[in-house]
Amino acid sequence: MQQDAPGDAAVFDVLGEETRLAILSALVERRRESPSDPALSFSALRERSGVRDSGRFNYHLGRLVDRFVEKSESGYQLNYAGREVAGALLSGAYSVSESKGPTELDDDCPFCDASVLAGYEDGVVHVRCGNDHTLYRMGFPPGAAADRSIARVLALSSRLTYRDLELTIEGVCPECYGAVDRSLCETEVGGEQRLGFETQCERCGMRSTSSAGACLFASPAFVAFCADHGLDPREHHPWTFDVVDDEALTVVEDDPLCVRASVTLDGETFVATLDEHGRTVSTERSTAAE
Ligand SMILES: [Zn+2]
Ligand SMILES: [Zn+2]
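Given the structure is predicted, the values throughout are model-derived calculations rather than measurements.

How two aromatic rings sit relative to each other is set out by the distance from centre to centre and by the angle between their planes. Using the criterion set out here, one finds seven aromatic pairs in the structure. Measuring from centroid to centroid gives 4.6 Å for Tyr-162 and Phe-217, while their planes differ by 10°, and the two rings are stacked. Linking Tyr-162 in helix H7 (residues 150-169) with Phe-217 in the loop between strand S9 (207-211) and helix H8 (220-228), this pair joins segments that are 55 residues apart in sequence. Neither residue differs from the other here; Tyr-162 and Phe-217 are each classed as buried. Judged by centre distance (5.5 Å) and plane angle (55°), the ring pair of Phe-222 and Phe-270 falls under tilted.

Following this line, the structure appears as structure tokens:
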């Protein structure tokens, strides 16, 4: 069991104060105006933060320096953590409430052929069929959903899913960059036994489940094979890409679970072996003899 790093609670404490948020916001605004020269002097920053009392301003700025703000000869600017926090606040993860849909999509449910509905609510993109089979469920920042249609939200969310999948297969949490446990597993989806890929972060508790076949999306050899046949798997929503369905997968080893995937496009077959962590460890391409 991993302990929280010392001072984690203090981080939330530092941000739970309006003057400090005003200072961060002033630095974000400055960075937007002048990306190549984002630093502000003490007095310019105080003025932009709307704080009259210099002593009070100095105290609050002092709480931010080193943690979220760096001081250099040219003045004060956001450091890496400050930019990350600003990004999280701007994407509206903590403040905007947005909802969209449900909207009917052109897709059919792979489990029951019912029509499929997509919506966005409480910070989550969800796609399910009329018979309640969940096809996709993914957290998505409200600030990113705000100015986008449901179609654009689904497209962006799909991209993020593939990016996150790549990171988790490498053992990295896409939310906190801590270490993740990940493994291929047998799981039940829509009342059927399926081969899945499960991840859990030891540090922040992030959990995700996808089909084992989805791990192929992180394989450059598989993406190249698809491209040679005029297909970009990353342009498809994760729940519509049926090239790697369950029939494409066979278990080659039980403990630890290893899987072979075999996909044929236009007479050419791509075979990959996935290890227990979902990594593609070997690939082969062959064309059936005429
Ligand atoms: Zn269904
Ligand atoms: Zn994490």
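Still more ground to cover, so stick around.
The protein atoms donating to the zinc ion (ligand 2) are Cys-173 (SG), Cys-176 (SG), Cys-201 (SG) and Cys-204 (SG), with metal-donor distances spanning 2.3 Å. Every donor counted, the four donor atoms about the zinc ion (ligand 2) form angles of 102 to 112° at the centre, which fits tetrahedral coordination. One chain supplies every donor for the zinc ion (ligand 2), spaced along it as C-x2-C-x24-C-x2-C. Residue class for Cys-173 comes out buried when judged on its relative accessible area of 0%.

A sheet is described by the order of its strands in space; here four strands give the open sequence S10-S11-S12-S13, paired in antiparallel fashion. Of all strands in the sheet, those with a lone pairing partner are strand S10 (249-253) and strand S13 (280-287), marking the two edges. The sheet shows a mean angle of 20° between the axes of neighbouring strands, direction not considered.

Generally speaking, a soluble globular protein has its nonpolar side chains buried in company with each other. Counting 26 residues, the largest nonpolar core has Leu-184, Leu-216, Phe-222, Phe-225, Val-244, Leu-249 and Val-263 as the members making the most contacts within it. Ranked by residues supplied to this core, first place goes to strand S11 (residues 258-265) with four residues. Residue contacts for Leu-216: discarding those within four places in its chain leaves Phe-222, Val-244, Ala-261, Val-263, Phe-270, Ala-272, Leu-274 and Thr-280.

Another point: the coordination of the zinc ion (ligand 1). Note on the zinc ion (ligand 1): its protein donors are Cys-109 (SG), Cys-112 (SG), Cys-129 (SG) and His-133 (ND1). The metal-donor distances range over 2.1 to 2.3 Å. Each of the four donor atoms around the zinc ion (ligand 1) contributes to a set of angles spanning 107 to 113°, which defines the coordination as tetrahedral. Along the chain, the residues that donate to the zinc ion (ligand 1) are spaced as C-x2-C-x16-C-x3-H. Remark: His-133 occurs in the loop between strand S5 (124-129) and strand S6 (134-139) and Cys-109 occurs in the loop between strand S3 (100-108) and strand S4 (115-121); sequence separation between them is 24 residues. Overall, the relative accessible area of 1% leaves Cys-109 in the buried class.

For Asp-246, the location among the structural elements is in the loop between H8 and S10. With relative accessibility at 28%, the residue Asp-246 sits in the partly exposed group. Distance in space between the C-alpha atoms of Asp-246 and Arg-194 is 7.0 Å, their sequence separation being 52 residues. Those residues in contact with Asp-246 that lie beyond four places of it in its chain are Gln-193 and Arg-194.

Criteria and cut-off values
- Residues numbered from 1 in each chain as written.
- Chains lettered and ligands numbered in written order.
- Predicted model: local features only at pLDDT ≥ 70, side-chain atom pairs only at ≥ 80, totals over all residues.
- Heavy atoms only, no water.
- Phe/Tyr/Trp six-rings, centres within 6.5 Å; stacked < 30°, edge-to-face > 60°.
- Helix = DSSP H or I, 4+ residues; strand = E, 2+ residues; numbered from the N terminus.
- Buried < 20%, exposed > 50% of the residue type's maximum accessible area, 1.4 Å probe, protein only.
- Donors = N, O, S within 2.8 Å, 3.2 Å for Na, K, Ca; no water.
- Tetrahedral: all angles 85-135°; square planar, octahedral: opposite > 155°, others 65-115°.
- Pairing = 2+ DSSP bridges.
- Axes fitted to C-alpha atoms, helices over the stretch in contact; angles between N-to-C directions.
- Core = buried A, V, L, I, M, F, W, Y, C linked by side-chain atoms within 4.5 Å.
- Contact = heavy atoms within 4.5 Å.

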